[in-house]
Structures are given as structure tokens and as C-alpha cells.
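Analysis of the macromolecular model
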Amino acid sequence: MAKKYSSKINKIRTFALSLVFIGFIIMYVGIYFREHPWVMTTFMLLGFLGIIGSTVVYFWIGMLSTKAVQVTCPNCGKVTKVLGRVDMCMYCNEPLTLDPNLEGEEFDEDYNKRKR
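Residues numbered from 1 in each chain as written. Predicted model: local features only at pLDDT ≥ 70, side-chain atom pairs only at ≥ 80, totals over all residues. Heavy atoms only, no water.

Tracing the sequence through the fold places T80 in strand β2 (residues 79–82). In terms of polar contacts, T80 uses its side chain to reach the backbone amide nitrogen of M90, at 3.2 Å. Residues in contact with T80, not counting those within four places in the same chain, are V69, Q70, V71, M88, C89, M90, Y91 and L96. (Helix = DSSP H or I, 4+ residues; strand = E, 2+ residues; numbered from the N terminus. Polar contact = N/O pair within 3.5 Å; in protein donor to acceptor, adjacent residues only side chain to side chain. Contact = heavy atoms within 4.5 Å.)

Relative orientation of the contacting elements helix α1 (residues 8–31) and helix α2 (residues 37–67) amounts to 165°, with a least axis distance of 7 Å. The angle between the axes of α1 and α2 places the two elements in the roughly antiparallel class. You can see that α1 and α2 cross each other, and the crossing is left-handed. Looking at the contact of α1 with α2 residue by residue, the class counts come to 22 nonpolar, seven polar and one charged. (Axes fitted to C-alpha atoms, helices over the stretch in contact; angles between N-to-C directions. Parallel < 35°, antiparallel > 145°, perpendicular 65-115°, else oblique. Left-handed = near helix turned anticlockwise from the far one by under 90°. Nonpolar A, V, L, I, M, F, W, Y, C, P; charged D, E, K, R; others polar.)

Once that is clear, we can look at a nonpolar patch on the surface. A cluster of nonpolar side chains, contributed by L17, F21, F24, I25, Y28, V29, I31, Y32, F33, V39 and Y58, occupies part of the molecular surface with about 1,100 Å² of accessible area. Looking at the nonpolar patch, the elements that each hand over two or more residues are α1 and α2. Counting residues per element, the nonpolar patch draws most heavily on α1, which supplies seven residues. (Patch = residues over 30% accessible without salt bridge, like charges linked within 9 Å, V, L, I, M, F, W, Y side chains within 5 Å. Areas by Shrake-Rupley, 256 points an atom, 1.4 Å probe, with all protein chains shown as cover. Salt bridge = Lys/Arg side-chain N within 4 Å of Asp/Glu carboxyl O.)

We now examine the UniProt feature "transmembrane region" (unreviewed entry) in the protein. What UniProt calls "transmembrane region" (unreviewed entry) maps, in this numbering, to residues 12–33 and 39–61. The span residues 12–33 carries 91% helix and 0% strand; its end-to-end C-alpha distance comes to 33 Å. In the segment residues 39–61, helix accounts for 100% and strand for 0%; the C-alpha atoms at its two ends are 33 Å apart. (UniProt positions renumbered as here; feature names shortened; annotations may be inferred.)

Have a look at this one:
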């Protein structure tokens, strides 16, 4: 089975969106404990922390996105952002690289890891 790759920025945004939904679900679970105010308050606070965490992640990826290199995808012709040595096009999932040594190589996310 082939690995499913996607843009790093889209992966982080998806994680932040999932934090929002997880936070809401935790808060809804707290509603079932209305008879126990401390348990309900705990669930509400945990859900709120999930939503605040999402806000922090969205802010972080927004700041990171402003510093990302913009390139034009050779496949779809749209402008996309590249984080690291290799990344995928946000629109068509074309492998992209800024490193001339990796031109023509098989796409692997391990190229972004630092060698020790």
C-alpha cells in the first residue's frame, strides 16, 4: 500500500481543526454530568484547553506560512508554499523540492530530517 503524502502546512492545519472538534466533543461529554458540577467543570475546562490549543497551533502555522518559500508548481501551475527540503503541492500533491541534489529522486519525507 502506497503512503499518502500531503503538504506539511495542510497537515498542521488539519491537526488544528481536529483539536477544535475534539475540544467541542469533550465539552459535550461534560453536559452529561450536570448533576456533578466538578466533573462537568473539568470536562468544560479540558475542552476549552483543546480549543485554545487549536488557536495556538493556527497562529503558529500562520507565522510559519508567512516565512515559507513560494514556488509555482510545474504540474498545476498554481503558487504553493514549500516547507523544508521536500514538500507536496497543496493543490495537486506533486512532489516539490528546492534542493538541486534531490531533483529526480523518489519522494520521501525523510529528506527533511537532519542527518546526525
